[in-house]
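If you want the building blocks of each chain, they are given just below.
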Amino acid sequence: PNVDIIINNLAILRKHVPPNHQFILQTLLTNENSNKKNLDALVNAFNAIKPSSIQLYSISRPPAYQLIRKISNDELKRIKKYLERDLNNSIKINVY
């Protein structure tokens, strides 16, 4: 399925999560997917899905695709601030 279908289905699933449960999204970021265009798309997706919280992390081992690189914890924290600003601090974001 395309990304829009996945986002829409996650938004539907979120509506069925009981109030006493959390709906947490894990988001893997690398040098290849952490540009402004992709981060803005994530903001739109997070606004549509409305997760309880978001977990940001990067790779910990070398991947099969050699051009993929881990991003630093400092960069993850910068991305967290960027996302928080665009989400109006409406969703808790944790960096791992």
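Preceding block: the structure.
None of these values were measured; they are calculated from a predicted model.

With respect to the nonpolar core
Thought 1: With 21 residues, the main nonpolar core has Leu 29, Phe 46, Ile 54, Leu 56, Ile 79, Leu 83 and Leu 87 as its most contacted residues.
Thought 2: Among the elements that line this core, the one with the most residues is helix 2 (residues 36-49), at six residues.
Thought 3: What Leu 87 contacts, discounting residues up to four positions off in sequence, is Val 43, Phe 46, Asn 47, Ile 54 and Ile 93.

Observations concerning the pairing of strand 1 (residues 24-28)
It is a general feature of regular strands that their side chains alternate between the two faces of the sheet.
Thought 1: Side-chain alternation along strand 1 places Leu 25 and Thr 27 on a buried face and Ile 24, Gln 26 and Leu 28 on a face that remains uncovered.
Thought 2: Taken together, the five bridges between strand 1 and strand 2 (residues 53-57) define a ladder with parallel strand orientation. Within strand 2, the position partnered with Leu 28 by the bridge is Tyr 57.
Thought 3: Taken together, strand 1, helix 2 and strand 2 form a β-α-β motif whose crossover is right-handed.

Each value, and the rule that gives it
Residues numbered from 1 in each chain as written. Predicted model: local features only at pLDDT ≥ 70, side-chain atom pairs only at ≥ 80, totals over all residues. Heavy atoms only, no water. Core = buried A, V, L, I, M, F, W, Y, C linked by side-chain atoms within 4.5 Å. Buried < 20%, exposed > 50% of the residue type's maximum accessible area, 1.4 Å probe, protein only. Helix = DSSP H or I, 4+ residues; strand = E, 2+ residues; numbered from the N terminus. Contact = heavy atoms within 4.5 Å. Pairing = 2+ DSSP bridges. Right-handed = clockwise from strand over helix to strand, strands pointing away.

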